[in-house]
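Working through the structure, step by step
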Amino acid sequence: MPLSRSLDEATVVVTGASSGIGTATAYALARRGAAVVLAARSESALTRVAQRCRELGGRALVVPTDVTDAASVERLADRAAAEFGRIDGWINNAAVGVVGLFDEIPVAEFRRVLEVNLLGTVHGLRAALPYLGAAGGGVVVNNASVLAEVAMPYQSAYNATKHAIRGLADTVRQELRVTGRGNISICTVLPATIDTPFFRHTANHTGRELVPPPPIYPPETVAATIVRLLRRPRREAYAGGAARLIGLQWRLAPALAERTLGWYAHRTQFGPGSRADSTGNVFRADAEGRREGGWYGRRRQLVRMTAAFGLAAAGTAVGTMAARTRRARTDR
């Protein structure tokens with residue numbers, strides 16, 4: 001069920017709003033006149049985002065929030081409803097990451113990624129549902145990444161949380177339906193690689209410079225998808241054509257796609273420079289209210305890489321169909 005009121009009258013909470021996709025989503029909603037409630041750890045970054053939201057025609061409330069703290073997220077919901085009267089939409093977007101071999105990632109950082117990405121989404125859902133119900137219905141959008149469907153090496157903690165978020169959304173959606181609360185929609189967005197500060201802020205234990213694997217899309221691609229989900233909810237929506245193609249390959253030939261994507265990510269996820277171990281922003285706020293990460297040069301590979309993924313997906317489909325045909329003939 002879509003929002004029970006138009007976007008220019010709606011109140012939408014956005015976590016992880018201090019940079020990247022969260023900031024782009026806040027701006028997209030503000031342009032449509034929505035009241036946006038901005039949540040993240042960095043109050044100074046949120047204040048800059050809020051000022052821009054007001055310039056774009058929206059209303060904005062800054063609520064510094066640590067999504068790993070359930071009480072903090074409850075206060076976020078309470079502040080949003082007290083300021084604007086209700087909550088119509090909730091975007092669970094806050095996330096951190098750590099890259100490295102699974103057995104070399106510090107356990108404390110692995111745990112923190114689980115707490116921010118997965119438990120942050122859990123806390124957001126639990127805080128949002130009563131208010132959405134009181135408003136007569138609403139929409140939750142969980143940002144799960146295409147890595148909720150596929151996997152990449154060196155990203156074990158992030159992969160695990162995104163797969164879990166997808167499963168959580170499916171379960172809560174079922175429960176809402178069977179308990180007569182189908183007026184609340186739970187949506188999952190699966191973006192491809194996005195040009196955000198995430199890759200500069202991620203904890204890194206590889207000794208190498210981390211770069212986003214192409215093709216890379218602007219954060220506005222995801223923001224537009226989220227706005228569409230608020231207006232016309234769906235179970236899941238990809239953001240960026242490459243995400244859809246990668247997902248298709250994974251479903252058609254999972255073993256082959258796993259090997260191919262593993263090789264591709266190993267080759268494209270690191271730059272030429274070296275880097276000392278870093279905890280990034282896993283334990284501390286490190287955001288400047290920026291939407292983009294500055295990976296403009298790698299964005300130019302978008303068309304070429306998307307075409308390559310398209311050809312690979314087509315080849316996978318043909319190969320899978322041919323294999324099935326051979327098996328069918330053999331079984332006769």
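Bear in mind the structure is a predicted one, so any value in this text is a computation, not a measurement. (Residues numbered from 1 in each chain as written. Predicted model: local features only at pLDDT ≥ 70, side-chain atom pairs only at ≥ 80, totals over all residues. Heavy atoms only, no water.)

For the rest of this paragraph, the subject is the nonpolar core. As a rule of thumb, soluble globular proteins bury nonpolar side chains together. Counting residues in hydrophobic clusters, the biggest one holds 58 residues, and the most contacted among them are Leu-29, Leu-38, Cys-53, Val-141 and Leu-230. Per element, the largest residue contribution to this core is seven residues, and it comes from helix H1 (residues 20-31). Formed by 35 residues, the second largest nonpolar core is a distinct cluster that contains Val-37, Ala-80, Ile-87 and Ala-203. (Core = buried A, V, L, I, M, F, W, Y, C linked by side-chain atoms within 4.5 Å. Buried < 20%, exposed > 50% of the residue type's maximum accessible area, 1.4 Å probe, protein only. Helix = DSSP H or I, 4+ residues; strand = E, 2+ residues; numbered from the N terminus.)

One can find Gly-240 in the loop between strand S12 (236-239) and helix H8 (241-252). Using a relative accessible area of 15% as the deciding quantity, one classes Gly-240 as buried. Residues Gly-240 and Ile-216, spaced 24 residues apart in sequence, show a C-alpha to C-alpha distance of 8.6 Å.

Mapped onto the elements of the fold, Thr-15 is located in strand S1 (residues 11-15). Of the residues examined, Thr-15 reaches a relative accessible area of 4% and is grouped as buried. Discounting chain neighbours no more than four positions away, the residues touching Thr-15 are Ala-39, Val-67, Leu-76, Trp-90, Ile-91, Asn-92, Asn-93 and Ala-94. (Contact = heavy atoms within 4.5 Å.)

All told, the structure shown has four aromatic pairs when counted by the stated rule. Aromatic pair Phe-102 and Phe-110: ring centres 6.0 Å apart, planes at 80°, arrangement edge-to-face. Centroid distance Tyr-154 to Phe-270: 5.1 Å. Interplanar angle 85°. Geometry classified as edge-to-face. Of this pair, Tyr-154 sits in the loop between strand S6 (138-143) and helix H5 (156-178) while Phe-270 sits in strand S13 (residues 270-274), and the two are 116 residues apart along the sequence. (Phe/Tyr/Trp six-rings, centres within 6.5 Å; stacked < 30°, edge-to-face > 60°.)

Looking at the element boundaries, Phe-84 is found in helix H3 (residues 70-84). As for Phe-84 and Leu-61, which are separated by 23 residues in sequence, their C-alpha atoms are 9.2 Å apart. Beyond its immediate sequence surroundings of up to four residues, Phe-84 is in contact with Thr-11, Ala-35, Val-37, Arg-59, Ala-60 and Leu-61.

Below, the discussion takes up the confidence of the model for the chain. Confidence along the chain averages 89 in pLDDT terms, with 85% of residues attaining 70 or more. Across residues 302-314 the pLDDT falls below 50, and counting only partners more than four positions away or on other chains, this stretch makes 22 contacts in the model. (pLDDT = per-residue confidence, 0-100.)

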